[in-house]
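# Chain and residue survey
Each chain is listed here by its residues.
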Amino acid sequence: KIFEYKKALPRAYLASSYELYSSPQQFEKKFFDPSFDPRHTVLLEEDPGITQGASSHNFTGITQYNPNAVTIQTSSDSEQLLVLTDTYFPGWSTTIDQKAVKIYRAFWAFRAVVAPKGNHTISFFYKPQSFLLGRKVTIISMILFIVAIYALPKAFASYHLHHRTGSPILNSVKSRAASTRMKLP
């Protein structure tokens with residue numbers, strides 16, 4: 001037999017109301033209250049500043065889902081919260097119609113953004129600061145390596161040339177000394 005859990009939240013959905021919590025204890029109290037319905041009310045750490053109210057029409061559809069990028073189409077008749085039940089983690093950024101927006105921590109572990117009224121494309125991208133820093137360090141290292149490949153052989157060739165034939169200054173001093181019959185080391 002295969003069982004289906006009917007109360008599972010969808011991967012992405014729109015909610016029209018929210019409540020705030022300020023501590024883990026307050027979150028647990030609200031979340032585990034038998035009258036609480038997470039399909040309609042989102043628990044947030046910060047106030048997103050939207051007008052709460054019921055919506056008669058809303059739609060979400062995931063159009064792209066990859067480990068580092070998620071794209072969702074939304075349609076609603078009022079401003080709502082789009083909840084993506086993927087893990088909230090620093091390094092994620094979000095755009096709505098290619099304009100950067102803030103991500104809120106929903107239900108302590110998930111992501112939420114304010115979805116404006118109308119039809120919109122909401123994209124989540126994972127670009128952590130550590131990755132961007134690593135990319136910069138790699139590019140700089142590659143540039144230095146390429147410079148070293150071209151510069152070091154010329155420096156070594158010049159060094160070997162001077163030690164084989166002597167430096168121009170030392171050669172001129174030796175020739176003057178030979179003409180005056182002085183002995184130099």
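Attention in this report is confined to the structure presented alongside it.

Criteria and cut-off values
Residues numbered from 1 in each chain as written. Predicted model: local features only at pLDDT ≥ 70, side-chain atom pairs only at ≥ 80, totals over all residues. Heavy atoms only, no water. Core = buried A, V, L, I, M, F, W, Y, C linked by side-chain atoms within 4.5 Å. Buried < 20%, exposed > 50% of the residue type's maximum accessible area, 1.4 Å probe, protein only. Helix = DSSP H or I, 4+ residues; strand = E, 2+ residues; numbered from the N terminus. Contact = heavy atoms within 4.5 Å. Pairing = 2+ DSSP bridges. Axes fitted to C-alpha atoms, helices over the stretch in contact; angles between N-to-C directions. Phe/Tyr/Trp six-rings, centres within 6.5 Å; stacked < 30°, edge-to-face > 60°. Lys NZ or Arg CZ within 6 Å of the ring centre and 35° of its normal.

Further remarks concern the nonpolar core. Grouped together as the largest cluster of nonpolar side chains are 17 residues, with contacts concentrated most on Val 42, Leu 44, Leu 81 and Phe 107. When contributions to this core are tallied by element, the ones reaching two or more residues are strand 1 (12-15), strand 3 (41-44), strand 6 (80-84), strand 9 (104-106) and strand 10 (110-115). With three residues, strand 3 is the largest single contributor of residues to this core. For Val 42, the contacting residues outside a window of four places in its chain are Ala 15, Ser 17, Tyr 18, Glu 19, Leu 81, Val 83, Ala 106 and Phe 107. With 13 residues, the next largest nonpolar core counts Leu 82, Leu 84, Ile 103 and Phe 124 among its residues.

The next thing to look at is unusual backbone geometry. Unlike most non-glycine residues, Asp 97 shows phi in positive territory, near 50°. Inspection of the secondary structure puts Asp 97 in the loop between strand 7 (92-96) and strand 8 (99-101). On the basis of relative accessibility, which here comes to 36%, the residue Asp 97 falls in the partly exposed class. Backbone geometry at Phe 107 places phi at a positive 55°, although glycine is not the residue there. Here Phe 107 is to be found in the loop between strand 9 and strand 10.

We now examine the sheet that holds strand 8. The antiparallel open sheet is built from five strands, whose spatial order is 4-5-11-7-8. Only two strands of the sheet have a single partner each, and these edge strands are strand 4 (58-66) and strand 8. Mean inter-strand twist for the sheet, computed between neighbouring axes without regard to direction, equals 25°.

In this section: the packing of aromatic side chains. Within this structure, the stated rule accounts for ten aromatic pairs. Taken together, a centroid distance of 5.2 Å and an interplanar angle of 85° make the contact between Phe 31 and Phe 32 edge-to-face. Among the aromatic side chains, those forming a connected cluster through ring pairs are Tyr 21, Phe 27, Phe 31, Phe 32, Phe 36, Phe 107 and Trp 108. Positioned above the aromatic ring of Tyr 104, the side-chain terminus of Lys 102 is 5.5 Å from the ring centre. Across the ring face of Phe 125, the terminal group of Lys 127 is positioned such that the distance to the ring centre comes to 5.9 Å.

Attention now moves to the environment of Phe 131. When you line up the elements, Phe 131 lands in helix 2 (residues 129-165). Given the relative accessible area of 48%, Phe 131 is considered partly exposed. The sequence separation of Phe 131 and Gly 91 amounts to 40 residues, and the corresponding C-alpha distance is 9.1 Å.

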